[in-house]
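Structural characterization, general
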Amino acid sequence: PTTDTSGNATLFINQTTDNQAFTGNLSGLGSVTVQGGKNLTFTGTNTYTGGTTINGDGTNLIVTAGTSTGSIPNVQNSAPIINNGTLTFNQSTPG
């Protein structure tokens, strides 16, 4: 699935179940906020440009893939990453 975060909207993900994956692709001008104190893995090719916020309380956003496809592109596009939790990149190649 693809989720469009257009119109400067913020997609809030309240991760209350541990070790889940978001396999879709996030796109648009909006931002993503992850909270809830659990592990969430992004495996899609994400192109949203509004930034990423990871709220504390044990929240861990894992960007992973067997190749370089899992991404939060704002690292490359200079959009802010506000890391009040843990951000982990687990990729076999840079991307």
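Attention in this report is confined to the structure presented alongside it. (Residues numbered from 1 in each chain as written. Predicted model: local features only at pLDDT ≥ 70, side-chain atom pairs only at ≥ 80, totals over all residues. Heavy atoms only, no water.)

**Considerations on the overall build of the protein chain**
Across its full length, the protein chain holds one helix and ten strands. Each helix and strand of the protein chain, placed in order from N terminus to C terminus, yields the pattern β-β-β-β-β-β-β-β-α-β-β. For the protein chain, the share of sequence-separated contacts (at least 6 apart) that also reach a separation of at least 24 residues comes to 37%. Looking at the protein chain as shown, the accessible area adds up to about 4800 Å², and 48% of this sits on carbon and sulfur atoms. (Helix = DSSP H or I, 4+ residues; strand = E, 2+ residues; numbered from the N terminus. Contact = heavy atoms within 4.5 Å. Areas by Shrake-Rupley, 256 points an atom, 1.4 Å probe, with all protein chains shown as cover.)

**Some words on the pairing of strand S6 (residues 39-42)**
For a regular strand, side chains alternate in direction, first toward one face of the sheet and then toward the other. Along S6, one buried face is formed by Asn39 and Thr41 and the opposite face, lined by Leu40 and Phe42, is buried too. Judged from the three bridges that link them, strand S3 (residues 20-22) and S6 form a sheet pairing that is parallel. Directly across from Ala21, in S6, lies its bridge partner Thr41. (Buried < 20%, exposed > 50% of the residue type's maximum accessible area, 1.4 Å probe, protein only. Pairing = 2+ DSSP bridges.)

**Considerations on the nonpolar core**
Ranked by size, the top nonpolar core spans nine residues in total: Ile13, Leu26, Val32, Val34, Leu40, Phe42, Tyr48, Ile54 and Leu61. Going through the elements one at a time, strand S5 (31-35) and S6 are the ones with two or more residues in this core. If near-sequence neighbours (up to four positions away) are discounted, Leu61 is found in contact with Val34, Leu40, Phe42, Thr52, Ile54, Thr86, Leu87 and Thr88. (Core = buried A, V, L, I, M, F, W, Y, C linked by side-chain atoms within 4.5 Å.)

**Details of the environment of Ala9**
Within the secondary structure layout, Ala9 lies in the loop between strand S1 (2-4) and strand S2 (10-14). C-alpha of Ala9 to C-alpha of Val32: the two residues are 23 residues apart in sequence and 8.6 Å apart in space. Beyond its immediate chain neighbours, meaning those up to four positions away, Ala9 contacts Gly30 and Ser31.

**Side note on the environment of Gly58**
Inspection of the secondary structure assignment puts Gly58 in the loop between strand S7 (52-54) and strand S8 (60-65). Considering only alpha carbons, one finds Gly58 and Asn39, 19 residues apart in sequence, at a separation of 8.1 Å. Apart from the residues within four sequence positions on either side, Gly58 is in contact with Gly37 and Lys38.

**Quick notes on the side chain of Thr53**
Within the fold, Thr53 resides in strand S7. In this view, Thr53 contacts Val32, Thr33, Val34 and Ile82; residues no more than four positions away in its chain are not counted.

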